[in-house]
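Single-letter residue listing:
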Amino acid sequence: MRGMMWQVTLWAAVALVTGVRVEAAAPVAAPSAGKMVYDQWCVGCHGPMAAGGRFPPAGTSILQQRYQNKLPAVLNERTDLKPEFIRTVVRQGIALMPALRKTEVTDPQLDALIAYLSLPKR
Amino acid sequence: MKLPPGVSEESLRRALQEFTTVVGQEWVFDKDDDVARYNDSYSPFVAEPEKQRVASAAVAPTTVEQVQQIVRIANKYKIPLYPVSTGRNLGYGGSAPNLSGSVVVDLKRMNRIIEVNTREGYMIVEPGVSFIELRRYFEENQIDYAPSAPGPGWGSPIGNALDRGVGMPCGDNFSAVKGLEVVLANGEVLRTGRGGLRDQKLWPLYRYGLGPDLLGLFSQSNLGIVTKACFWLEPKAELSQGINIASFNDEDLDPMIDALHHLSNQGVLDGFEIGSPLRSSTGSNDVRMAFGPAEAKALLRRRDGGSKAEWEALAKKVNIPLAGASGGARGPAPIVKAKLDYALDYLQRTKVPGVAQIGMALPGQFPITIDFGALAMKASNLGHYYFSPILRRTRDDLFAINDTIRNVFIDAGDIEMLDEFGFYGAGGGGPIGLAKEKHMVLLMEFLVFSDADKNRRRRELFQKLVKACGEKGWGEYRAPVVFQDEAQAEFSFNNGVQRRFVESLYDAVDQNGILSPGRMGIWPKHLRSG
């Protein structure tokens, strides 16, 4: 039996699902595209502590220490993040977080991420 | 804009203009804001920006043909290039070049998974694919293999393997590479091994061509730009589990090691790790992670490291073993269980001292995140770089390298570093000794601070460690960009014949010295010192 083989262009797939085209054509969809960016680039450091983990991930740990429960330490629970602040931190990095380049998160993907993080939270 | 040595701004501008005709204006970065994204985020010079290694610009191709064109243009204008896959080997330099003014060739957009063959167990990928993307692709397509990845998974399997990085659970990632496609300094494309044949059906399956094996020439190398790699895949294991032995007597480590060597050599265990749990319990610059007693820290602050009687008395008092080792096996559950039962029986039958027990079952697939985890809690969270020499997996070597390192810290009067280090003891790359290695990698983090003077002292300490360890045969397995010259200098056998041999290859294939000048201490003729 022949082995299974796939031929894919990952870039195309990523671009399609993370919303390179979303900004202009369908702004309503941008937050969901932004969630894809968040899941790929942010949640590893800024998500909640994994079940059975000893420490929360790095970003959550740092924000926990900084805010002492006055603000949520998990990033997508925040309601106070300003678009320009997100843009600056993503592009310039801060503390342990390195800058993300345009080849990693494109400008339209960054817009989608900002839309996602700006959604009203329950 | 930082110009490369000997290159005029006009030449660089012309080259950049020609790059835009290849990749489009959007993917040539020459504005300060964009270029700064290629600095080393964890630079040891973080508080002295004027000393950082910086790029002049960056260009981001999507195809091999574009890489070839970029190389030809760079030759025309003698522009040094610094290719990075994803530029995420943080702790070893990130995407910052050895030679300031180089143009970074950012291969992140070359991110095709070209083929995954589940029958024969291999894949062919491009450099821009990250571990996270690969894992997601495998999950979405229910592929029953798991990439062996380093902790932060935003890096590239190709970049990590070429840097000879270590993944979990299998250790040395370059050992899984069986074929490479490389753009040479003259713009030609070379495929290694069976990729040299007209019909390349065996390229991913058999690494050799006819004659010298070319594969290794392109790892930790500046002899070409790798644009594709064939990896053999590790299957997802149904079960990963270890066997642990511990004793309150230091000398018991020797028979433990003998037994675990036997079991590994027989194929019963995949690998094993050794250490000294009581001593290692002290080291950390995060108080929440250091659980060791203050008395242990006090003993390790002494030049003699504490006497046998003192350690044995303390071990009994605090009930933490002095000698510890663990081996592991992964694979189908019944086979792993049978292997561990055999190992346990062997240890008992051959009367290996200490208490042996089977450890917790671990998942067959290890997590891939972009998390440096506990590093966030350390004394500084501005970043870190790694000191990482290789040692033998023997008690003598383990204690000798620990003594050497501690004495460098004591000589320098750096008690803070001495306490953070404590005592190293662990394994060859994977958790619970799953990596099929015969060595150990000592991994020590050097944190970076906002205090320039403290960073300078730490850099000097790093250089002293490289020298003190190098003299005793513990060379670096990989080195941060800014320390690669010093690390290479320790490979000094026969007047540095290894370095001189690679330099002669470099001179022959890259007459203009455009590819990654200075990588791992290999510089083009016109930039060599001495």
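See the structure shown above.
Presented here is an overview of the structure given in this document. These numbers come from a predicted model, not from an experiment. (Residues numbered from 1 in each chain as written. Chains lettered and ligands numbered in written order. Predicted model: local features only at pLDDT ≥ 70, side-chain atom pairs only at ≥ 80, totals over all residues. Heavy atoms only, no water.)

## A few points about the overall build of chain B
Heads up, the rule is: Secondary structure elements follow DSSP: runs of H or I of four or more residues count as helices, runs of E of two or more count as strands, with numbering from the N terminus. For a compact globule the rule gives 2.2 Å times the number of residues to the power 0.38, and the radius of gyration it is set against comes from C-alpha atoms. Relative accessibility decides the category of a residue: with a 1.4 Å probe and only protein chains considered, values under 20% of the type maximum give buried, values over 50% give exposed, and everything between is partly exposed. Between two residues, a contact is recorded if the distance between any of their heavy atoms is within 4.5 Å. The protein chains shown are the only cover counted for residues, whose accessible areas, like all others here, come from Shrake-Rupley with a 1.4 Å probe. Charged residues are defined narrowly, with Lys and Arg counted positive, Asp and Glu counted negative, and His plus the chain ends left uncounted. Charge positions are represented by NZ for Lys, CZ for Arg, CG for Asp and CD for Glu.
Looking only at helices and strands, chain B has 15 helices and 19 strands in total. Relative to the globule expectation of 24 Å for 530 residues, the C-alpha radius of gyration of chain B, 24 Å, shows essentially globular dimensions. Based on the C-alpha atoms only, the size of chain B along its principal axes is roughly 70 × 55 × 45 Å. Counting every position in chain B, which comprises 530 residues, the buried fraction comes to 59%. In chain B, the proportion of contacts linking residues at least 24 apart, taken out of those at least 6 apart, comes to 73%. For chain B, the accessible area works out to roughly 21100 Å², and carbon and sulfur atoms hold 52% of it. For chain B, the distance from the average position of its 61 positive side-chain charges to the average position of its 64 negative side-chain charges is 2 Å.

## A closer look at the pattern of salt bridges
Defined as follows: Put simply, a salt bridge is a Lys or Arg side-chain nitrogen that is within 4 Å of an Asp or Glu carboxyl oxygen.
Applying the stated criterion across every chain, the model contains 47 salt bridges over all chains. Measuring nitrogen to oxygen at the nearest pair gives 3.0 Å for the salt bridge that ties Lys228 of chain B to Glu181 of chain B. You can see Lys228 of chain B sitting in strand β11 (residues 225-232) and its partner Glu181 of chain B sitting in strand β9 (residues 177-183), a full 47 residues away along the chain. By relative accessible area, which is 9% here, Lys228 of chain B ends up buried. A salt bridge links Glu310 of chain B to Arg302 of chain B; its shortest N-O distance comes to 2.8 Å. Taken together, the shared-partner salt bridges in this structure form one network comprising Arg91, Lys102 and Asp107 of chain A together with Asp34 of chain B.

## Points about the sheet that holds β9 of chain B
Residue and element names in this part refer to chain B. The following threshold applies: Paired strands are those between which DSSP finds at least two bridges. Each axis is a line fitted through C-alpha atoms, taken for helices only over the stretch in contact, and angles between the N-to-C directions span 0 to 180 degrees.
The strand order across the open sheet formed by five strands is β5-β6-β11-β9-β10, and the pairing between neighbours is antiparallel. Only two strands of the sheet have a single partner each, and these edge strands are β5 (113-117) and β10 (189-191). With direction set aside, neighbouring strand axes in the sheet form an average angle of 10 degrees. One ladder, built from four bridges, connects strand β6 (residues 122-125) with β11; its direction is antiparallel.

## Remarks on the sheet that holds strand β4 (residues 103-106) of chain B
Residues and elements named next belong to chain B. Within the open sheet, the four strands sit side by side as β1-β2-β4-β3. Their pairing is mixed. Only two strands of the sheet have a single neighbouring strand rather than two, namely β1 (28-29) and β3 (81-84). Alignment of β1 against strand β2 (residues 57-59), held across two bridges, turns out to be antiparallel. Across the sheet, Val28 pairs through a bridge with Val59, a residue of β2.

## Focus: the pairing of β6 of chain B
Residues and elements named next belong to chain B. Across the two faces of β6 the burial is the same, with Tyr122 and Ile124 and Met123 and Val125 all buried. Where β5 meets β6, four bridges bridge the pair, whose relative direction is antiparallel. Across the sheet, Asn117 pairs through a bridge with Tyr122, a residue of β6.

## Looking at the packing of aromatic side chains
Residue and element names in this part refer to chain B. The line we're drawing: Ring geometry is summarised as follows: Phe, Tyr and Trp rings, the Trp one being its six-membered ring, pair when their centres sit within 6.5 Å, and such pairs are stacked at plane angles under 30 degrees, edge-to-face over 60 and tilted between the two. Charge over a ring is defined by NZ of Lys or CZ of Arg lying within 6 Å of the ring centre and within 35 degrees of the ring normal.
Tallying each qualifying case throughout the model produces 14 aromatic pairs over all chains. With 6.2 Å between their ring centres and 90 degrees between their planes, Trp27 and Phe29 make a pair best called edge-to-face. Judged on exposure class, the residue Trp27 and its partner Phe29 are both buried. Pairing Phe29 with Tyr38 gives two aromatic rings, centres 6.4 Å apart and planes at 40 degrees, and the pair type is tilted. Phe29 gets classed as buried once you look at its relative accessible area, which sits at 5%. An aromatic cluster of three or more residues is present, and its members are Tyr385, Phe387, Phe446, Phe462 and Phe483. Here the basic side chain of Arg349 rests over the ring of Tyr342, its NZ or CZ set 6.0 Å away from the ring centre. Arg393 extends its terminal NZ or CZ atom over the ring of Phe272, reaching a point 3.7 Å from the ring centre.

## Some remarks on the packing of helix α5 (residues 83-92) of chain A against helix α6 (residues 107-117) of chain A
All names here are of chain A. Quick reminder of the rule: By definition in this entry, angles of less than 35 degrees are roughly parallel, angles greater than 145 are roughly antiparallel, angles of 65 to 115 are roughly perpendicular, and the rest are oblique. Helix crossings fall into two classes, left-handed where the near helix is turned counterclockwise from the far one by less than a right angle and right-handed where it is turned clockwise. Ten residue types, Ala, Val, Leu, Ile, Met, Phe, Trp, Tyr, Cys and Pro, are classed as nonpolar, four, Asp, Glu, Lys and Arg, as charged, and the remainder, Gly among them, as polar.
Between α5 and α6, the shortest axis-to-axis distance is 10 Å and the interhelical angle comes to 130 degrees. When the axis of α5 is compared with that of α6, the two are oblique. Judged by the sense of rotation from one axis to the other, the crossing of α5 with α6 is right-handed. Here α5 contributes Pro83, Ile86, Arg87, Val90 and Arg91 to the contact with α6, which in turn contributes Asp107, Leu110, Asp111, Leu113, Ile114 and Leu117. Here the residues of the contact of α5 with α6 are counted per class, giving seven nonpolar, no polar and four charged.

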